[in-house]
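# What the coordinates show
What follows is each chain in one-letter form.
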Amino acid sequence: MKSFFALSMFLAVMVLSGCSNLTVLDPKGPVAEQQANLILFSIGFMLFIVLVVFVLFTLILVKYRERKSGPEYEPPHIEGNVFLEIVWTVIPVIILIVLAVPTVQTIFALEEAPEATSHKDPIVIHATSVDWKWVFSYPEENIETVNYLHIPEDHPILFKLASADSMGSFWIPSLGGQEYTMSGMMTELYLQADEIGEYRGRNANFTGEGFTEQVFTVTAESQEDYDEWVEEAQDAPKLTQEKYNELMLKGHTEEQTFSETHLQWVDHGMDAEYATKVRNGESTDEDESSEMDHSEMDHSEMNHDDSEKDSEEHSH
Amino acid sequence: MKLDEFFVTGDPLIYGADVSIALTMIGAIFVLTYFKKWKWLWTEWLTTVDHKKLGVMYIIAAVLMLFRGGVDALLMRAQLTVPDSSFLDANHYNEIFTTHGTIMIIFMAMPFLIGLINVVVPLQIGARDVAYPFLNAVSFWTFFMGAMLFNISFVIGGSPSAGWTSYVPLAGLELSPGVGQNYYLLGLQIAGIGTLLTGINFLVTILKMRVPSMKLMQMPMFTWSSLITMVIIIFAFPVLTVALALMTFDRLFGSHFFTMMDGGMPMLWANLFWIWGHPEVYIVILPAFGMFSEIISTFARKTLFGYKAMVYSMVVIAGLSFLVWVHHFFTMGAGGAVNSFFSITTMLIAVPTGVKIFNWLFTLYKGRIRFTTAMLWSLAFIPNFVIGGVTGVMLAMAAADYQYHNTYFLVAHFHYVLISGTVYACFAGLYFWYPKMFNHRLNERLGKWSFWIFVAGFNLCFFPMYFLGLAGMPRRIYTYGIGDGWMSLNVLATFGGVLMGIGFLILVYNIYYSFRYSPRETTGDPWDARTLEWSTPAPVPHYNFAHLPEAKGHDAFWIMKEEKKQGKAPEKKPYKPIHMPSYSGVPIIMSVFFFTAGFGMVFSWHWMSILGLVGVLATMVIRSFDYDKGFYVSVEEIEETEKKTTL
């Protein structure tokens, strides 16, 4: 048993020294920071519990092993001890309450935009996972990118998440925790970058063959650089429905930039069938799409309204 | 369908598997024929309804599945050791982690535990068999055929590759068009029949077949844990059955329960899956808790500390296990109130579990601790499970879970609880009850080698994964880049995985070695243990008890031994004929028909599925008109047997 502990100590040292960049504990924005704080807070309590059990365990094993007590020793008959049992029921309950309070607070805090920048209107970005790529639409800026994001620093971003097909999970570990992207549903996630830099984002939920490479880059930059980038992007070639439908096919693609967004044809948060129809050859050109079913039509109409408001209505 | 679509082709690993499967089958057929063992195999084993033999067959099947799942695991570790490895391609890797997860949970952990329950529980409660011995055989054979159906997928038709959770839409027909996913659905469905029957069978057995003198609150802790497990099975498994059936309809008959098209609800699958799936976790952990309780109490030479608290804590865990399923998808965006509720219910499970940990510690306190191999596995469980448990609490904190979810942090957590809980318990139980099953002990020296190597390997393999998770490595990726910085920890993990493999091989060698060289048992009580199964002689007669034993407390056999020491010898009563059930070939034949029906459905060969189902029905009819009410063991035979056995 002693060597067992020696081993665990050795392990801990090895692991801690071998791993200096724990992305999750090195937050670059307020969301990730709240989560990292919660994690560190809980680790403290957990280490305490582990320590108590390990010490008790070692002491008891050392003291009451047969080699020490001798084969004649006959253990007493002890059925239990009500007081002790109450102690080790109540103390964990207290620890759990101490952990549950900040957990619930953080859960609700993460539903809202970060507090420090609450005076700024969040930038809305629709993030859509398609096997096996990421499509980002900036409805207000009227641009669309594939597999990369630009965001200004110190500015809340409201991601509206949906999937064109299999369920993915939108995750930028440096900026905050993940959330699922689902077809026919829309979920919302606030993130924010406090530091300029390049961060890696990816799909964290298994989506089949191309899942591993379903990644994107996030460039957090100053407001001026961001504005400049938006202007440049607005000069990019227009997104046509034909082009967009190509993106609906399974596969990988390089980074791409378009002016205009796909939201004029489809909102994957409302329409679970679009990508499948494209793949089955049911709506490959625009003429056909105008004859498509009512839900399609409703969409394009709704998009003329304030798109933020309308997605608010059908968000999860 | 062309032949090269039927057989999986093109991968040297698969060809290797083909060859080894063929050689093993030829070898088995040759050995059985050469030693003229076919009849023996049929009459003694394949048609048996004896719970002890069924238990042994469960365990053999589980060890085989542990080997298969372990090979899968080592292939994954081989692939992930270095960045940008091209050992496996993405599809192959996806198949391997899918079969690894499914096999380890459904076809390894559960049958291993159910096998030990089969062997031990009737003996612990002083019963001569289970309540429904025929049904017990049906349970085993449907499990076995389900497992075989699932396992042949990798050489015939292709393995499932949508993960053991099989989330739709990915597992739906549009995104997973092959037959692999059908194997998953049908294999689990057929095996699930067996599990549900086991649940009913053992619930009734434990409630109705105990010796009359044993009160509920005097049952051994392993029996208690089994009872509670059976209740969970009865409530949880029907959900899986329905969910699997719905997805089968989607895939085979074009319904739209979980599809993206035509208003299906993919998220409904995730909910149904985990409403079964979370209780399932406790189905594989509670019997483990029960075993550790028995073993720790035996080798500390003390009665279990806080017996009642141990029972109640399991009841609470079982109840809570149905109230936490959403924690598997906190990231679905269900909203603050929902996530808060499920965070708290999940955390609450830590309380009864913590109570159990401290009760085990205080069972050891003032004991006389013997470090046998069975005890070592049980002791190693405590610190390792605590690590798994506290990280479980961390995962329960939804706001933090958004960062742990789908990462190696989660992978590390559930391997810490499942391996140090369930697998350690299976090994501990195997060493502990081995003399009951095979009339000789496993070698202790080899046992300890295997223990230390496996436990060291386990910690080396999975502890680094917590840090890989925090470093942002998601689960289920088939490779990563050098720039990710995950290599050193992955190398460590692979090294640990190899050690675990070596530990397992030593265990298997130990089974062979002990069969050859271990001295045969002379008493039925090699460990000086405390519960009724140890009051049976060696070898255990097929009717278990010549006289039904008497239970005067929850360490019934210990009390009997104490009374004997004080000179209170039990009076010798005359033997009476014992009623026992007859063996039957119907369960295995019925299960072969289940297999046939399942195989037909996998490939949508409807003539074959109809043939299979008609066969199942026919065997049921045959069983209904079977008036064989069993037989009586004569007094002479009992006298003869009891003379031969020793006590």
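The rules behind these values
Residues numbered from 1 in each chain as written. Chains lettered and ligands numbered in written order. Predicted model: local features only at pLDDT ≥ 70, side-chain atom pairs only at ≥ 80, totals over all residues. Heavy atoms only, no water. Phe/Tyr/Trp six-rings, centres within 6.5 Å; stacked < 30°, edge-to-face > 60°. Helix = DSSP H or I, 4+ residues; strand = E, 2+ residues; numbered from the N terminus. Lys NZ or Arg CZ within 6 Å of the ring centre and 35° of its normal. Domains from an automatic or database assignment. Contact = heavy atoms within 4.5 Å. Buried area = accessible area lost by both parts, 1.4 Å probe. Salt bridge = Lys/Arg side-chain N within 4 Å of Asp/Glu carboxyl O. Pairing = 2+ DSSP bridges. Axes fitted to C-alpha atoms, helices over the stretch in contact; angles between N-to-C directions. Buried < 20%, exposed > 50% of the residue type's maximum accessible area, 1.4 Å probe, protein only. pLDDT = per-residue confidence, 0-100. Expected span 1.5 Å × (residues − 1). Polar contact = N/O pair within 3.5 Å; in protein donor to acceptor, adjacent residues only side chain to side chain. Nonpolar A, V, L, I, M, F, W, Y, C, P; charged D, E, K, R; others polar.

## A word on the packing of aromatic side chains
Summed over the entire model, instances satisfying the criterion amount to 85 aromatic pairs over all chains. Note on A:Phe170 and A:Phe216: the rings are 5.4 Å apart at their centroids and 10° apart in plane angle, and the pair reads as stacked. Note that A:Phe170 is positioned in strand β6 (residues 168-172) and A:Phe216 in strand β10 (residues 215-221), a separation of 46 residues in sequence. Measuring from centroid to centroid gives 5.2 Å for B:Trp325 and B:Phe342, while their planes differ by 70°, and the two rings are edge-to-face. Separated by 17 residues along the polypeptide, B:Trp325 in the loop between α10 (307-320) and α11 (336-348) and B:Phe342 in helix α11 bring together distant segments of the chain. Across from the ring centre of B:Trp527, 5.0 Å away, lies the NZ or CZ of B:Arg441, which sits over that ring. Over the ring of B:Trp558 we find B:Arg530, and its NZ or CZ is 4.2 Å from the ring centre.

## Let's talk about the domain arrangement of chain A
Residue and element names in this part refer to chain A. Under the domain assignment used here, chain A contains domain 1 (23-62 + 78-111) and domain 2 (120-279). Inter-centroid distance (C-alpha atoms) of domain 1 to domain 2 is 36 Å. Domain 1 puts eleven residues into the contact, and the matching count from domain 2 is 13 residues. Between domain 1 and domain 2 lies a buried interface of about 900 Å² when both sides are counted; carbon and sulfur atoms form 56% of it. Three residues, Lys28, Pro30 and Val31, lead the burial of domain 1 against domain 2; their summed loss comes to 51% of the area buried on that side. For the pair domain 1 and domain 2, the interface holds one salt bridge. Glu195 is paired through a salt bridge with Lys28; the nearest N and O atoms lie 3.7 Å apart.

## Quick look at the sheet that holds strand β3 (residues 143-146) of chain A
Residue and element names in this part refer to chain A. Strand order in this open sheet of six strands is β8-β5-β1-β2-β3-β11, and the pairing throughout is mixed. Only two strands of the sheet have a single neighbouring strand rather than two, namely β8 (187-191) and β11 (256-259). Taken over all neighbouring pairs, the strand axes of this sheet differ in orientation by 20° on average, direction set aside. Relative to strand β2 (residues 133-138), strand β1 (residues 123-130) runs antiparallel, the two sharing five bridges. Each residue of the ladder has a partner; that of Ser129, found in β2, is Trp134.

## A closer look at the pattern of salt bridges
For side chains of opposite charge, pairing can occur when their charged atoms come near one another. Overall, the coordinates contain 22 salt bridges over all chains when judged by the stated rule. As a salt-bridge pair, A:Lys28 and A:Asp26 come within 3.7 Å of each other at their nearest N and O atoms. Taking relative accessible area as the criterion, A:Lys28 reaches 19% and is therefore assigned buried. By relative accessible area, A:Asp26 is classed as partly exposed at 41%. Bridged by salt links that share partners, the residues A:Glu66, A:Glu74, B:Arg301, B:Arg368, B:Asp525, B:Asp528 and B:Lys561 form one connected network.

## Some points on the confidence of the model for chain A
In this model, chain A carries an average pLDDT of 86, and 83% of its residues clear a pLDDT of 70 or more. Low pLDDT, under 50, characterises residues 284-316 of chain A; the stretch is placed with 43 contacts to residues that sit more than four places away or in other chains.

## Brief notes about helix α19 (residues 586-602) of chain B
All names here are of chain B. In this model, α19 (17 residues) spans 24 Å end to end at C-alpha, consistent with the 24 Å of a helix rising 1.5 Å per residue. For α19, the buried fraction is high: 13 of the 17 residues fall into the buried class. Just downstream of α19 lies Ser604, where phi reads positive at about 55°.

## Comments concerning the interface of chain B and chain A
Listed per partner, the contact involves 102 residues of chain B and 99 residues of chain A. Interface area, chain B with chain A, both sides summed: about 8400 Å², of which 73% is carbon and sulfur. Counting the surface chain B buries against chain A, the share from its top three residues, B:Arg368, B:Gln403 and B:Leu470, is 9%. A salt bridge links B:Arg368 to A:Glu74, with the shortest nitrogen-to-oxygen separation between them at 3.9 Å. The interface formed by chain B and chain A holds 25 residue pairs in polar contact (both at pLDDT 80 or more) in total. In terms of residue count, helix α13 (residues 373-396) of chain B provides more of the side of chain B that touches chain A than any other element does, eleven residues in total. Class assignment of the residues belonging to the side of chain B that touches chain A gives a composition of 64 nonpolar, 28 polar and ten charged.

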